[in-house]
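Examining the three-dimensional arrangement
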Amino acid sequence: MSAIQIPGLDIEERSPGTFRVRVRIHPFFALTNTFGNELAALGWGCQQLERLHALHKKLSDEARLPGAPLSRDAAQALGLADLIAGDGASSTVGSARAASPGDEIFVFEVLDSYLENEAKELSAGYVSRARRLKDYFGNVVISSITTASLKAYIDARLSGALGPGRSKTASYATKNRAYQRNLRRRHRGVPVVPTPRSFELPCSGSVRHELKLFRQALRAYAKRDDGRRERIGAYVVTHPIVCVELPSPGEPRKRRISDEELSRILAKISCPRKRAAIMLCIYTSIRRAEVISLRNEDINWSESTVLLRAPLEPDPTRPGHMRKRRKTKTVARDVPLVPQALELLRHVCSNTNRPMSRSTTC
């Protein structure tokens, strides 16, 4: 990084004898160029900076200055692209290399546009993954993302240098369990000792999901409209984020819970319905969300099956209608029941008519 510090002007030494200069004045899009020496980069940058300040004042006096940051496409639609770029903004005279299509696209623009368009209805995990990527890469253009920088990110995440990737604040359920446990201790006169919350290092699967999100976001950004696809489509295909080797997905589970471990778990649970839910999971291999959504009418006693219903949510495109919940693995289907599962369900249904839902308390 150059020692020259001028607001709106950044000069970076990309390789020995190659300097990249970037000029950006809010709300205009960035102007970039590459030169063989720092003095030439500084001279070009100062010229563009002075010109953009003059254009900023002119548009402000004419009440035509946009309030939101302008992309190149948005500036083109407003008829400002040529004024912002100027006559020499894309010139490569004195340049060590031709300007890259990625010099004008920032990482935060790619991720934000993906969350706003393709991923706006997906799980909250996408937002947290994008936030971690923006914290690390967000203020750079995608042309500065190299294979080496991606590997450095992977190493930093896996070593814990960037934090555990989880919230440092305990969830409500965790806080409530600790509160109830401490309340019981106070009633018994047992001293309450705060327990520090421990964090595990992020696994390779988490980092893999983050880089896959980056890859999906860049591809979606490139193909969102025909003009952009023609301009940067070929560049995106060979970008390091698309070609880099992702971390391994992690080791799969290789063993089933033992009878001894299961007995110890059940012995600690006082609620008979919760014990029944755990045993039903073991008998049928269905998911937790599927177990707690079961109702009496879902059980077919004559056929020895149970109907699993896909969870629904309001359809934003059709008010008053429901649709299958996004990002769920539950599929509506009939699951056969072994005799032990049937006997367990008969016992539960004979004691109560309530479903095994989250609202049921013991």
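Right above here is the structure, for reference.
The rules behind the values
- Residues numbered from 1 in each chain as written.
- Predicted model: local features only at pLDDT ≥ 70, side-chain atom pairs only at ≥ 80, totals over all residues.
- Heavy atoms only, no water.
- Helix = DSSP H or I, 4+ residues; strand = E, 2+ residues; numbered from the N terminus.
- Buried < 20%, exposed > 50% of the residue type's maximum accessible area, 1.4 Å probe, protein only.
- Contact = heavy atoms within 4.5 Å.
- Areas by Shrake-Rupley, 256 points an atom, 1.4 Å probe, with all protein chains shown as cover.
- Pairing = 2+ DSSP bridges.
- Axes fitted to C-alpha atoms, helices over the stretch in contact; angles between N-to-C directions.
- Nonpolar A, V, L, I, M, F, W, Y, C, P; charged D, E, K, R; others polar.
- Phe/Tyr/Trp six-rings, centres within 6.5 Å; stacked < 30°, edge-to-face > 60°.
- Lys NZ or Arg CZ within 6 Å of the ring centre and 35° of its normal.
- Salt bridge = Lys/Arg side-chain N within 4 Å of Asp/Glu carboxyl O.

In this section: the overall build of the chain. Each helix and strand in the chain was counted, giving 14 helices and eight strands. Out of the 362 residues belonging to the chain, those deemed buried represent 36%. Look at the contacts in the chain between residues 6 or more apart in sequence, and 62% of them connect residues 24 or more apart. Looking at the chain as shown, the accessible area adds up to about 22,400 Å², and 53% of this sits on carbon and sulfur atoms.

Our focus in this paragraph is the pairing of strand S2 (residues 18-23). Taken across its six residues, S2 has six buried, putting it largely inside the fold. The alternating pattern of S2 places Thr18, Arg20 and Arg22 and Phe19, Val21 and Val23 on opposite faces, both of which are buried.

Where strand S4 (residues 299-300) meets strand S5 (residues 305-308), two bridges bridge the pair, whose relative direction is antiparallel. Opposite Ile299, over in S5, you have Val306 as the bridge partner. In this antiparallel pair of consecutive strands, S4 and S5, the connection spans four residues, and Ser304 shows a positive phi of 55°. Looking at chain direction, S5 and strand S8 (residues 333-336) are connected through four bridges and run antiparallel. Considered in S8, the bridge of Leu308 is made with Arg333.

Further remarks concern the packing of helix H8 (residues 204-222) against helix H9 (residues 226-237). Where H8 contacts H9, the two axes come as close as 8 Å, and the packing angle between them is 145°. Between H8, through Leu218, Arg219, Tyr221 and Ala222, and H9, the contact on the second element is made entirely by Arg228, Arg229, Ile232 and Val236. Along the lines of polarity and charge, the residues of the contact of H8 with H9 split into five nonpolar, no polar and three charged.

We now examine the packing of aromatic side chains. Aromatic rings considered in pairs are described by the distance between their centres and by the relative angle of their planes. Using the criterion set out here, one finds five aromatic pairs in the structure. Pairing Tyr136 with Phe137 gives two aromatic rings, centres 4.6 Å apart and planes at 80°, and the pair type is edge-to-face. Residue Tyr136 is classed as partly exposed on the basis of its relative accessible area of 34%. Each residue in the set Tyr136, Phe137, Tyr153 and Phe214 is aromatic and connected to the rest through ring pairs, giving one cluster. Sitting over the ring of Tyr126, Arg129 keeps its end group 5.5 Å from the ring centre. Sitting over the face of the ring of Tyr221, Arg228 holds its NZ or CZ atom 4.0 Å from the ring centroid.

The antiparallel open sheet is built from three strands, whose spatial order is S4-S5-S8. Pairing within the sheet leaves two strands with one partner each, and these edge strands are S4 and S8.

This paragraph deals with the pattern of salt bridges. This model, assessed by the stated rule, comprises 16 salt bridges. Ionic pairing is found between Glu62 and Lys58, a salt bridge with its closest N-O pair at 3.0 Å. The partly exposed category is assigned to Glu62, whose relative accessible area is 38%. The class for Lys58 is partly exposed, based on a relative accessible area of 41%. A salt bridge links Arg333 to Glu290; the shortest N-O distance between them is 3.3 Å. Placement of Arg333 in strand S8 and of Glu290 in helix H13 (residues 288-292) is noted, with a sequence separation of 43 residues between them. What makes Arg333 partly exposed here is its relative accessible area of 30%. Among the residues examined, Glu290 registers a relative accessible area of 2% and is labelled buried. Here the residues in one salt-bridge network are Lys58, Glu62 and Arg64, joined through shared partners.

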